[in-house]
Amino acid sequence: MQYVTLNDGRAMPQLGFGVWQVPDDEAEAVVSTALEVGYRSIDTARIYDNEKGTGRALAESGIAREELFVTTKLWNDDQGYDSALKAFDASLERLGLDYVDLYLIHWPRPRQDAYVDTWRALERIRSEGRARSIGVSNFTAATLDRLVAETDVVPVLNQIELHPYHSQEAMREVNARHGVLTEAWSPLGQGKGLLDDPVLTDLADRYGRTPAQVVLRWHLQLGNVVIPKSATPSRIRENFEVFDFELSAEDMDRVGALDRGGRIGPDPDTFG
Ligand code: NAD
């Protein structure tokens, strides 16, 4: 496992496991498989409705708490100072933990204009040690610039949609300018389409790997934190076996050139 260092000095596995769309009654088995394979970082959210199943897998794993890195996120209708504090307590309770490693604001919702107040609640949660690190998700240049200007703690990372068809070069630069790491959600472009791209299947053949492994390797070499999801044990393992090969600079560029600027998910300026 490779680790990155966050701007608050803490270490985070560069490769983690996402659990969006895993039903709560399946989360325990799926997360247990991921932990057996070797993943130590798990990315959930209140809105995924699987914090309980995820928490059961963590508890039953027998893995020391300090070796795990657990992320959850504050949902849109919980924005605001008091409601964020309450939402955090409820997430922690469902996970069955004393603290999370990382707590994120899931979407900025700029029209609601509550993300600065919400962030102050996250700063308090962090100062109490109940979230060791705090960060954001889906923040744009405007919302991140304002958050950094008006509050005390700089987010450790910004989790954004990022895959070869939407490589987010400009937003990666904005994050880097603030010392904020970029974490890629839907890093495999949700599988469909992207993984059949002839550039990727060609590279996969040349490296003796799968297209998913080539894409994950591209993320790691860019410096992104990455959280692929799969419910299939063989793919969970495949997505973890990415630390024993390297793409050449030329092949990194070939993957980077696939960018079409086309997002799969919602627009952060209007979503929510
Ligand atoms: P992903 O890019 O990780 O793709 C997952 C899908 O790709 C799987 O369901 C499967 O169909 C396919 N797949 C996975 N491994 C494969 C393999 N080795 N070979 C072939 N196909 C494979 O998409 P995702 O689940 O949307 O994103 C990953 C994680 O990011 C989520 O689980 C969640 O934790 C996080 N996320 C966050 C946000 C946000 O707003 N912050 C939004 C979406 C996702």
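Here the structure is a predicted model, which means the values were calculated and not measured.

Attention now goes to the overall build of the protein. Broken down by element type, the protein carries ten helices and ten strands. A globule of 272 residues ought to have a C-alpha radius of gyration of about 19 Å, and the protein, at 18 Å, matches this closely. Based on the C-alpha atoms only, the size of the protein along its principal axes is roughly 55 × 40 × 30 Å. By the burial criterion, 56% of the 272 residues in the protein qualify as buried. Separation of charge centres in the protein, based on 29 positive and 44 negative side chains, amounts to 2 Å.

Attention now goes to the sheet that holds strand β10 (residues 225-226). In spatial order, the strands read β3-β4-β5-β6-β7-β8-β9-β10; together these eight strands make up an open sheet with parallel pairing. The open sheet has two edge strands, β3 (17-18) and β10, and neither has a second partner. With five bridges joining them, strand β6 (residues 100-105) and strand β7 (residues 131-137) adopt parallel strand pairing. Considered in β7, the bridge of leucine 102 is made with serine 133. The sheet strands contacting helix α3 (residues 81-95) are β5 (69-74), β6 and β7, and the helix crosses β6 at an angle near 140 degrees. The strands that helix α6 (residues 169-177) touches are β8 (157-161) and β9 (181-185); relative to β8, the one it contacts most, it runs at about 175 degrees.

Turning next to the packing of helix α1 (residues 24-37) against helix α2 (residues 51-60). In contact at an axis separation of 7 Å, α1 and α2 are set at 35 degrees when each is read in the N-to-C sense. Considering how the two elements wind past one another, α1 and α2 form a crossing that is right-handed. Contacts between α1 and α2 involve Asp24, Ala27, Glu28, Val31, Ser32 and Leu35 on the former and, on the latter, Glu51, Lys52, Gly53, Thr54, Arg56, Ala57, Leu58 and Glu60. Classifying every residue of the contact of α1 with α2 by side-chain character gives five nonpolar, three polar and six charged.

Next up on the list: the site of the ligand. The full set close to the ligand counts 26 residues, and Asp43, Ser137, Gln159, Ser186 and Leu188 are the nearest of them. In this structure, serine 137 approaches the ligand through a side-chain N or O atom, which is 2.8 Å from a nitrogen atom. At a separation of 2.7 Å, an oxygen atom of the ligand approaches a polar backbone atom of leucine 188. Starting from 840 Å² of accessible surface for the ligand in isolation, the protein chains cover 88%.

Let's shift gears to the pairing of β8. With five of its five residues buried, β8 lies for the most part within the structure. Relative to β8, β7 is paired through two bridges, and the arrangement is parallel. Among the inter-strand pairings, serine 137 is bridged to a residue of β8, identified as glutamine 159. Handedness of the crossover is the feature at issue here: the chain leaves β7, passes through helix α5 (residues 141-150), returns alongside β8, and the resulting connection is right-handed. With five bridges connecting them, β8 and β9 associate as parallel partners. Within the sheet, the bridge partner assigned to glutamine 159 lies in β9 and is glutamate 183. Of the crossover connections in this fold, the one passing from β8 over α6 to the parallel β9 is right-handed.

With that out of the way, let us pick up the pattern of salt bridges. The final tally for this structure, using the stated rule, is 17 salt bridges. For the salt bridge of arginine 146 with aspartate 113, the shortest nitrogen-to-oxygen distance reads 2.8 Å. Here arginine 146 is found in helix α5, whereas its partner aspartate 113 is found in the loop between β6 and α4 (115-127), with 33 residues between them in sequence. Aspartate 113 sits in the partly exposed class, given a relative accessible area of 43%. Aspartate 202 is the partner of arginine 254 in a salt bridge, and the nearest nitrogen-oxygen pair spans 3.3 Å. Of this pair, arginine 254 sits in helix α10 (residues 249-256) while aspartate 202 sits in helix α7 (residues 198-207), and the two are 52 residues apart along the sequence. Look at arginine 254 and you get partly exposed, because its relative accessible area is 31%. Salt bridges sharing common partners tie together Asp89, Arg124, Glu128 and Arg130.

Let's shift gears to unusual backbone geometry. A negative phi angle characterises most non-glycine residues, just as the trans form characterises most peptide bonds. A positive phi angle, close to 60 degrees, is found at aspartate 49, a residue other than glycine. Its location among the elements puts aspartate 49 in the loop between β4 (41-43) and α2. Positive phi is not limited to glycine here, since serine 186 has a value of about 45 degrees. If you trace the backbone, serine 186 turns up in the loop between β9 and α7.

So, how was this worked out
Residues numbered from 1 in each chain as written. Predicted model: local features only at pLDDT ≥ 70, side-chain atom pairs only at ≥ 80, totals over all residues. Heavy atoms only, no water. Helix = DSSP H or I, 4+ residues; strand = E, 2+ residues; numbered from the N terminus. Rg over C-alpha atoms; globule rule 2.2 N^0.38 Å. Buried < 20%, exposed > 50% of the residue type's maximum accessible area, 1.4 Å probe, protein only. Lys, Arg positive; Asp, Glu negative; His and termini not counted. Charge placed at Lys NZ, Arg CZ, Asp CG, Glu CD. Pairing = 2+ DSSP bridges. Contact = heavy atoms within 4.5 Å. Axes fitted to C-alpha atoms, helices over the stretch in contact; angles between N-to-C directions. Left-handed = near helix turned anticlockwise from the far one by under 90°. Nonpolar A, V, L, I, M, F, W, Y, C, P; charged D, E, K, R; others polar. Near = heavy atom within 4 Å. Polar contact = N/O pair within 3.5 Å; in protein donor to acceptor, adjacent residues only side chain to side chain. Areas by Shrake-Rupley, 256 points an atom, 1.4 Å probe, with all protein chains shown as cover. Right-handed = clockwise from strand over helix to strand, strands pointing away. Salt bridge = Lys/Arg side-chain N within 4 Å of Asp/Glu carboxyl O.

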